[in-house]
Amino acid sequence: MASLREFQNLMARIYLAKDSKRGPEGTYKWLKEEVDELGEAMRENDKEALEDEFADVIAWLASLANVLEVDLENVAFKKYNNCCPKCRSIPCQCQCKP
Ligand SMILES: [Zn+2]
């Protein structure tokens, strides 16, 4: 099974040259655009479009992380270290707004 790190490395091999040229701000704009499209697909209740937009969002998130030299797998598992980072429970016991 492929890991998050392998996916980020794949995005680097395919896009890092272009992403670096565009820079962090431009890459972040694309990520925001894809998050908006994910919201649209969600509201349209179109499963195929939804899956496609999830793929785009994680691809642009990985691109931005590559440009900023952030290891997504490392930071994600460091923060969410087998529990909720706030209450340290599984499942989360935090009293947050719905
Ligand atoms: Zn919690």
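All values reported here derive from a predicted model rather than from experimental measurement.

Draft legend 1. Seen up close, the coordination of the zinc ion. The protein atoms that coordinate the zinc ion are Cys84 (SG), Cys87 (SG), Cys92 (SG) and Cys94 (SG), at distances spanning 2.2 to 2.4 Å. For the zinc ion, the single-chain donor residues occur in sequence as C-x2-C-x4-C-x1-C. The exposure class assigned to Cys92 is partly exposed, which follows from its relative accessible area of 40%.

Draft legend 2. Highlighting the environment of Ala76. With respect to the secondary-structure elements, Ala76 resides in helix α3 (residues 72-79). On the basis of relative accessible area, Ala76 is assigned to the partly exposed category, the value being 30%. Through-space distance from the C-alpha of Ala76 to that of Met1 is 18 Å; in sequence the pair is 75 residues apart.

Draft legend 3. Structural detail: helix α2 (residues 47-67). Taking 1.5 Å of rise per residue, 21 residues should cover 30 Å, and α2 covers 30 Å from first to last C-alpha, within 8% of that figure. What α2 keeps buried is the set Leu50, Glu53, Val57, Ala59, Trp60, Ala62, Ser63, Leu64, Ala65, Asn66 and Val67. Among the structural elements, α1 (4-44) and α3 are those in contact with the buried residues of α2. In this structure Asp46 caps α2, since a side-chain oxygen of it lies 3.2 Å from the backbone nitrogen of Glu48. Note on α2: the residue one or two positions beyond its end, Glu69, has a positive phi of about 55°.

Draft legend 4. Up close: the side chain of Asn66. Mapping Asn66 onto the fold places it in helix α2. Asn66 sits in the buried class, given a relative accessible area of 14%.

The rules behind the values
Residues numbered from 1 in each chain as written. Predicted model: local features only at pLDDT ≥ 70, side-chain atom pairs only at ≥ 80, totals over all residues. Heavy atoms only, no water. Donors = N, O, S within 2.8 Å, 3.2 Å for Na, K, Ca; no water. Buried < 20%, exposed > 50% of the residue type's maximum accessible area, 1.4 Å probe, protein only. Helix = DSSP H or I, 4+ residues; strand = E, 2+ residues; numbered from the N terminus. Expected span 1.5 Å × (residues − 1). Contact = heavy atoms within 4.5 Å. Polar contact = N/O pair within 3.5 Å; in protein donor to acceptor, adjacent residues only side chain to side chain.

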